[in-house]
Amino acid sequence: MQPCCLAAYDLACRRGDRLLFKGVGFELAGGEALHLAGPNGIGKSSLMRILAGLLRPYAGHVEHDGTLALADERPALDPHRPLGEALAFWRAIDRAGEARADFGLEDLLDVPVRFLSTGQRKRAALARLAASGARIWLLDEPLNGLDAHWGASTQAAIEAHRALGGIAVIASHQPLQLQKLRTLSLLEHLP
Amino acid sequence: MRALWTIFRRDLTLLLFGAPGRGGALLPLLFFLAVAMLYPFAVGPDAKLLARTGAGVIWVAALLAAILPLDRLVEPDLEAGFFDQWALRGIAEEGVLSLRILAHWLSFGVPLMLAAPLSAGLLNLDGAQLWTVEVGLLLGTPGLAAIGVTIAALTAGLRAGAALGGLLAIPLAVPLLIFGAGSLQPGGESGLLLLAASSLAALAIAPFAAGGAIRAGRE
């Protein structure tokens, strides 16, 4: 696997006329994971979108080497299509081969996405991310809607991804059971 | 390139056959035919009057049929996060939207051209007029598709975006209407050239304007 890295320098984010956070910086090398912590509305999702390159930071910059994948609250799966076809659409775009983690979706592949429960949809979005073959995983509240079993499986999938040299950034207000997890609390970066 | 082909196939399937909450190619087509069917009832069965005004009615119907699918051209994909995921993979919005213009044109422009002979029959147009209408639709509907996708991208995510989209699209489409319907007047053949020029201008600008609108919408 190629080495990858993700670094942020002195990031600040402004939404509307409100400064959400400033002075956020970190450097992650292959195999490392970062937990973005903080209460609702503090800017975790905005920071995720800045890291993904979808939002311009108010100050600072982000550097990354390696492909990025983002799983947020929008699964980007066609609601009317069976789950198998909706995932196949992204597989055809990513062409990264078979996913290592399947998130227990085999029985749901012919169910239209709109009939899936919140947790099942979350697992589908995680499966799409895992199948993308990206080196850097950006996970926005990955445990929301998941029960204890799938919460643990998701964290196991993150550990497996790190073991292969991947990077994971996880925004979550829930505690995570990951090895050597670095934590960045946005509360310490209030303006 | 392969990724864009995959995206184009999905666009075309969705726009042609629709999906729950997304309609399909059938609704604009029925709308287009309904106008041609109702017009003789409204103005009376005077064959001369119909033949003189019918071609203009076809153009008005085509323009309004183009507006019908606006709210499902971009909004559902933006809402579901598709555009973000494409951007993460380095697929430019301009590329996606150029293909979406093509898919939109195939799903409304081509069916309108196929339905035009039926409309022409209902409105008592002769063969020469029908021919001019068909050539005009061939030149004009790509421009309508380009304007439609641009407006759809601009208004995606706004409340009442669909209503606003219709209002914004109409003034932009007026040149196409004027040149398209004007080409049917005696000695108006050069209208077709101006129609093609307006269409090309719209097609050239649309992918960049729509792509910019989607990127600006992320802020």
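If you're wondering where the values come from, they're calculated on a predicted model, not measured in any experiment.

Scanning chain A from N- to C-terminus turns up four helices and eight strands. In chain A, the succession of helices and strands from N to C terminus is β-β-β-α-β-β-α-α-β-α-β-β. At 16 Å, chain A has a C-alpha radius of gyration in line with the 16 Å of a compact globule built from 191 residues. Seen along its three principal axes, the alpha-carbon backbone of chain A occupies a region of about 50 × 35 × 30 Å. Put simply, chain A has 191 residues, and 42% of those count as buried. Across chain A, contacts joining residues at least 24 apart in sequence account for 75% of those joining residues at least 6 apart.

The subject of this paragraph is the overall build of chain B. Of regular secondary structure, chain B possesses nine helices and zero strands. Scanning chain B from its N terminus toward the C terminus, one meets helices and strands in the order α-α-α-α-α-α-α-α-α. Against the compact-globule benchmark of 17 Å for 219 residues, chain B has a radius of gyration of 18 Å, which places it among compact chains. Its C-alpha atoms give chain B principal-axis dimensions of about 60 × 35 × 30 Å. Out of the 219 residues belonging to chain B, those deemed buried represent 44%. Long-range contacts, defined as pairs at least 24 residues apart, comprise 79% of the intrachain contacts of chain B with a sequence gap of at least 6.

When a protein is soluble and globular, its nonpolar side chains tend to lie buried together. Residues A:L138, B:I58, B:A62, B:V149 and B:A153 are the most contacted members of the largest nonpolar core, which totals 117 residues. Of all the elements, helix α7 (residues 127-155) of chain B adds the most residues to this core, at 12 residues.

Contact with chain B, which involves 15 residues of that partner, is made by 14 residues of chain A. Of all the secondary-structure elements, those providing two or more residues to the side of chain B that touches chain A are α1 (2-17) and α5 (82-88) of chain B. If you tally residues by element for the side of chain B that touches chain A, the top one is α5(B), at five residues. Partitioning the side of chain B that touches chain A into residue classes produces seven nonpolar, three polar and five charged.

All names here are of chain A. Relative to the 22 Å expected for 16 residues at 1.5 Å per residue, helix α4 (residues 148-163) spans 22 Å between its end C-alpha atoms, a close match to the ideal helical length. Every buried residue of α4 is listed here: T154, Q155, A157, I158, H161 and R162. What you see down the axis of α4 is that its buried residues fit within an arc of 150°, all on one side. Exposed positions of α4 whose direction lies more than 90 degrees from the buried face are A148, H149 and A163. For α4, the elements touching its buried residues are β3 (33-37), α3 (118-131), β6 (136-140) and β7 (167-171). Of the residues one or two after α4, G165 is the one with positive phi, at around 95°.

This paragraph deals with the sheet that holds β7(A). Residue and element names in this part refer to chain A. Strand order in the open sheet made by the five strands is β5-β6-β7-β3-β8, with parallel pairing throughout. At either end of the open sheet lies a strand with only one pairing partner, and these are β5 (68-71) and β8 (181-185). With strand direction ignored, the average angle separating the axes of adjacent strands in the sheet is 15°. In terms of strand pairing, β6 meets β7 through five bridges, oriented parallel. Pairing of L139 across the sheet is with I170, part of β7. Of the strands in this sheet, β3, β6 and β7 are in contact with α4, which crosses β7 at around 150°.

Bringing the sheet that holds strand β2 (residues 18-29) of chain A into the picture now. Residue and element names in this part refer to chain A. Spatial strand order, β2-β1-β4: three strands in an open sheet with antiparallel pairing. Two strands lie at the open edges of the sheet, namely β2 and β4 (59-65), each paired on one side alone. On average, each strand axis in the sheet is tilted by 15° relative to the strand beside it, whichever way the strands run. With six bridges connecting them, strand β1 (residues 5-15) and β4 associate as antiparallel partners. Counterpart to A12 in the pairing with β4 is A59. Strand contacts of helix α1 (residues 44-51): β1, β2 and β4, with the helix running at about 130° to β1, the strand carrying the most contacts.

We now examine the environment of A:A130. All names here are of chain A. Here A130 lies in helix α3. Residue A130 is classed as buried on the basis of its C-beta count, with 23 C-beta atoms lying within 10 Å. Along the chain, A130 and A71 lie 59 residues apart, while their C-alpha atoms are 9.6 Å from each other.

Residues and elements named next belong to chain A. At a minimum axis distance of 10 Å, the contact between helix α2 (residues 83-94) and α3 shows a crossing angle of 25°. On the basis of the axis angle, α2 is roughly parallel to α3. For the pair α2 and α3, the sense of crossing is right-handed. In this structure, α2 uses L83, L87, W90, R91 and D94 to contact α3, whose residues at the interface are A124, A127, R128 and A131. Within the contact of α2 with α3, the residues separate by chemical class into six nonpolar, no polar and three charged.

Take unusual backbone geometry next. Residues and elements named next belong to chain A. Here the phi dihedral of D10 falls at roughly 50°; this positive angle occurs in a residue that is not glycine. Mapping D10 onto the fold places it in strand β1. Assessed through the 12 C-beta atoms surrounding it within 10 Å, D10 is described here as exposed. Non-glycine residue E141 carries a positive phi angle of around 50°. By secondary structure assignment, the location of E141 is in the loop between β6 and α4.

What counts and what doesn't
Residues numbered from 1 in each chain as written. Chains lettered and ligands numbered in written order. Predicted model: local features only at pLDDT ≥ 70, side-chain atom pairs only at ≥ 80, totals over all residues. Helix = DSSP H or I, 4+ residues; strand = E, 2+ residues; numbered from the N terminus. Rg over C-alpha atoms; globule rule 2.2 N^0.38 Å. Buried ≥ 20, exposed ≤ 12 C-beta atoms within 10 Å, placed from the backbone. Contact = placed C-beta atoms within 7 Å. Core = buried A, V, L, I, M, F, W, Y, C linked by C-beta atoms within 7 Å. Nonpolar A, V, L, I, M, F, W, Y, C, P; charged D, E, K, R; others polar. Expected span 1.5 Å × (residues − 1). Arc of directions from axis to C-beta. Pairing = 2+ DSSP bridges. Axes fitted to C-alpha atoms, helices over the stretch in contact; angles between N-to-C directions. Parallel < 35°, antiparallel > 145°, perpendicular 65-115°, else oblique. Left-handed = near helix turned anticlockwise from the far one by under 90°.

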